[in-house]
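Residue-level structural notes
Next come the chains, spelled out residue by residue.
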Amino acid sequence: MLERQTQLEELAQHLREVATRAGKVAFVRGEAGAGKSALIEQFALQAPRGTRVLWGHSDALQTSRVLGPVNEVAAGLSVLGTVRESDVSREQLFSRLLERLSPPNPVSVVVLEDLHWADEATLDFVRFLGRRIQRTRCLLIATHRDDELEPTHPLRRVLGELTGQHTARLRVPALSLDAVTQLARETRHDARQVYQVTAGNAFFVRELLSAPKDTVPDTVRDAVLARLMQCSPAARELAEFVSLLPGRTPFWLTRGLLGDIGAAADEAAARGLLRYHDDSLAFRHELGRLAVEGTLPRGRAQTLHGRILRALAEHGADLSQLVHHASHAQEIQAVLKYAPQAAERATLVGAHREAVAHLATALRHAGSLGAPERARLLELHAAGCNMTNEVSVSLASANKALALWRELGDVAAQARVDLLIAKQHWKAGQKAFADEHVAAAISLLETLPRTPELAMAYSTRSRFAMTSNNTEEALEYGQRALDIAAPFGDNSVRAHALINVGAALLSTGNETGLAKLEQGLAVALEHNLAEHAGRAYANLVEIAASQHLLDLAARYLPESLEYCETHEVQDCLSYIRAYAAYFELNSGRWDEAARAAGELIEHHALATAQRIPALTVLARVRARRGDPGVDPLLDEAMRLALPTNEIFRIGPAAATRAEVAWYRGDRKRAAQEAAAGLKAAGTRGDAWIRSELAYWGWRADSDFELPTNLAKPYALMIAGDWRGAGAAWKEINMPYEHALALADGPEEALRESIAILEPLGAGPLAAIVRRRLRELGVHAIPRGPRASTRGNPAGLTSREVEVLRLLVLGHTNTELAQRLHVAPKTVDHHVSSILAKLDVHSRTEAVAAAFGLGIAKAAE
């Protein structure tokens, strides 16, 4: 535990707070081999008497066990009793665990290890418990590697969402040279050489110091294999066998396949390769397992995987384990048997990412299947990718399935896949292709007797008409769908169609639409139609944002996020988050808006319909603050929006481009952008979007042709009623637009405008208002924040401010090291310190925070 006392004391303090105040989440991060597990094990040993310590482990299987770590914790608490895991819903499991971890139950420490390997359902549990942790008497410790998280890794979303006083973050750093020197004293190894080779990685240091005194292995693998070669043949055979099973290997399995392993296990443990865990064996670290696994000849490994597979299957093991070993054993029939079953189980608990992975595994071995079986697998894969928001992958599988169903002459299946393809094209912003596939589905189904499938095809046409603001068509086909579905009692079609009809009406300002939309949501919730419920929530949030309906937003925004996160409706969740960023923007919380939009853009695989609003929000924050990087965002947003032919996508991007042109004094360009947006809208579309476009066109050109039926605040501004417009904006809590209206008033109004703009950091508009004050002959004009007040923002050192400014300009760590003439490791430390002080989790979030601190402008 050298150099780990700070982390141990911090964890102990968190546990004391849990016992006396409220529960807490502690994320413990570090590189592979840093010593995270050793730290937590030592902390658990030191926990006060009476503290329950429960462990759950994620394994490096080909596809993660669904709820594996959560079920381990549940077993430790006897939550399920005699009930099988598969007979308890995810919601029931989560609720029962929350109850067991809450007062009056004793204080608990729940350790979830290696979350970088966790399935989506397990991450949902972390999110579920994390948001309710203050109600519990639980310290939830979640460990993860910070060197293996891709930008779109699902764990990043969890880390970004769980913040605040009930969440802590600890880092397990590499050992210093002093620590390595102290460890090397009892050996003949040169401490400096050890430190140079290992960079202070605790696991590598330990392995290297245990190597023969005359050798210094170059890699972890070499060090581990040096241990292996010192073992007897029996111990080596056991280690090789255990290396094929990520996680823990139960004694019943090793004894069943290898016989008596007692002496071999003791020797492998004594030599530091393996360790005992109750009724199982495991490598001391995953790095060691991988090193040994890599030495096995392929043929021998396949044979052993086959034997393991059969033993696990007889024992009723987890389906993900069976798929893993079947795949490595190259036993194709077993893969095709277990992978679809594992996918079905994963889908049932909302682990759609794992379901897709299992289906992809099956498809890699599907050559021996007949055409109907291949088509079904491809269709299932495409539908799963729809849930995980992988549009291009979904399209690829769906098109292959469609071709097979055509060859087989299955009309109903062709139509079903056509609708799935249409949905993906709509997400991708390819409206014309979406309409083609909907029309194809309808043509096919109209040749058959009336069925719920035809009703769903009509409802899908209603949906796309609604998103194009073609209200009449949306209502007509929505009603057709309801009429056909009624005799069948098809609640899926009923919910889908009611959502379309309600959203179409509400988008035009017809308040009766809200009742229908809420009715569709109620049907979806009652019948557990998660995808339809997510879409209902997404429509409610989007309409509330675009029409500035504060009460509707307050009612549905938190509820929609909670539902879509819990039920893993990823496409709707990203959409809702994008429009949640709009609320932050409109309410004047620009740092939060930029952070949310930037996080979506950087860490999420967004479809076009979700990416456009995120790009537009981030562009507006940057433009209104005078920060760099506006044009690339708006260019991408408009490029993506135009093919959709939907005013909800095109209008905000065009309005922002017009606004930016006006700030820059390019009135001609501002009028052109506004006119282009209005042309795309036509006579249909949301009045607020058309009004915003009309306003910027009028600001740029007083002769600009204005549409009718403008939204009240914009109509008042164009009419010259700055006072009435300001009051209208204030009523709906839009401070920037309030200041914009006041900017057309006399001195008193201009001063009030400045007072609103300064806290926002709205430099360009504030400069325009100051110029107007000077034109009025006013001399005592507020100057805005002095540079000295921003000299040490967020407690950053001058060096960290310098690094942050370079991050804003897009420099990589390597470029930063070259420019600052320091080692890359030093830059890593600076960046880590900046992220911690700004309380953010990525470089993009740090850059967004820099805008609010006034650092970005200096960087420009």
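The structure contained in this document is the topic of the report that follows. (Residues numbered from 1 in each chain as written. Predicted model: local features only at pLDDT ≥ 70, side-chain atom pairs only at ≥ 80, totals over all residues. Heavy atoms only, no water.)

For the rest of this paragraph, the subject is the sheet that holds strand 6 (residues 249-250). Taken in spatial order, the three strands of this open sheet run 6-8-7, and their pairing is antiparallel. Two strands close off the open sheet at either side, each with one partner strand: strand 6 and strand 7 (274-277). Sheet strands touched by helix 11 (residues 233-242): strand 6, strand 7 and strand 8 (280-283). Its angle to strand 8, the strand with the most contacts, is close to 85°. (Pairing = 2+ DSSP bridges. Helix = DSSP H or I, 4+ residues; strand = E, 2+ residues; numbered from the N terminus. Contact = heavy atoms within 4.5 Å. Axes fitted to C-alpha atoms, helices over the stretch in contact; angles between N-to-C directions.)

All right, on to the environment of Glu 286 then. Considering the arrangement of structural elements, one finds Glu 286 in helix 14 (residues 286-293). Glu 286 sits 226 residues away from Ala 60 along the chain, and the two C-alpha atoms are 8.3 Å apart. Of the polar contacts made by the side chain of Glu 286, one reaches the side chain of Arg 289; its length is 2.7 Å. (Polar contact = N/O pair within 3.5 Å; in protein donor to acceptor, adjacent residues only side chain to side chain.)

Looking now at the pairing of strand 1 (residues 24-30). Taking burial as the measure, the seven residues of strand 1 include six buried ones, the bulk of the element. Where strand 1 meets strand 4 (residues 138-145), seven bridges bridge the pair, whose relative direction is parallel. Looking at strand 4, one finds that Arg 29 is bridged to His 144. Here strand 1 pairs with strand 5 (residues 167-171) via five bridges, running parallel. Residue Val 28 lies in a different strand from strand 5, and its bridge partner there is Leu 170. (Buried < 20%, exposed > 50% of the residue type's maximum accessible area, 1.4 Å probe, protein only.)

This part takes up the nonpolar core. In this structure, Leu 517, Trp 729, Tyr 736, Leu 757 and Leu 765 are the most contacted members of the largest nonpolar core, which totals 139 residues. Ala 74, Cys 138, Ala 301 and Ala 326 belong to the second-largest nonpolar core, a separate cluster that totals 99 residues. (Core = buried A, V, L, I, M, F, W, Y, C linked by side-chain atoms within 4.5 Å.)

Two strands pair when backbone bridges link them, and strand 7 and strand 8 are joined in this way by four bridges, in the antiparallel orientation. If you follow Tyr 276 over to strand 8, its bridge partner there is Leu 281. The hairpin formed by strand 7 and strand 8 contains two residues between the paired strands, and Asp 278 there has a positive phi angle of roughly 50°.

Moving on, we come to helix 19 (residues 371-388). Each turn of an α-helix holds 3.6 residues, which means side chains three or four residues apart point in the same direction. Compared with an ideal rise of 1.5 Å per residue, which puts 18 residues at 26 Å, helix 19 spans 26 Å between its outermost C-alpha atoms and is within 8% of the ideal. By the burial criterion, the buried members of helix 19 are Ala 375, Leu 377, Leu 378, Glu 379, His 381, Ala 382, Gly 384, Cys 385, Asn 386, Met 387 and Thr 388. Residues of helix 19 that are buried make contact with helix 17 (332-348), helix 18 (352-364), helix 20 (391-408), helix 21 (411-427), helix 27 (530-546) and helix 29 (570-586). Once helix 19 ends, the next one or two residues include Asn 389, with phi positive near 70°. (Expected span 1.5 Å × (residues − 1).)

Applying the stated criterion to the full structure yields 48 salt bridges. Glu 531 is the partner of Lys 423 in a salt bridge, and the nearest nitrogen-oxygen pair spans 2.8 Å. Of this pair, Lys 423 sits in helix 21 while Glu 531 sits in helix 27, and the two are 108 residues apart along the sequence. Note that Glu 673 is salt-bridged to Arg 669, the shortest N-O span being 2.7 Å. Taken together, the residues Glu 673 and Arg 669, both in helix 34 (residues 667-681) and four residues apart, mark about one turn of the helix. Classification of Glu 673 by relative accessible area gives buried; the value is 8%. Connected through shared salt-bridge partners, Arg 90, Asp 124, Arg 127, Arg 131, Arg 132, Glu 161, Glu 562, Glu 565 and Arg 577 make up one network. (Salt bridge = Lys/Arg side-chain N within 4 Å of Asp/Glu carboxyl O.)

Interpretation in functional terms is not warranted from these geometric data alone.
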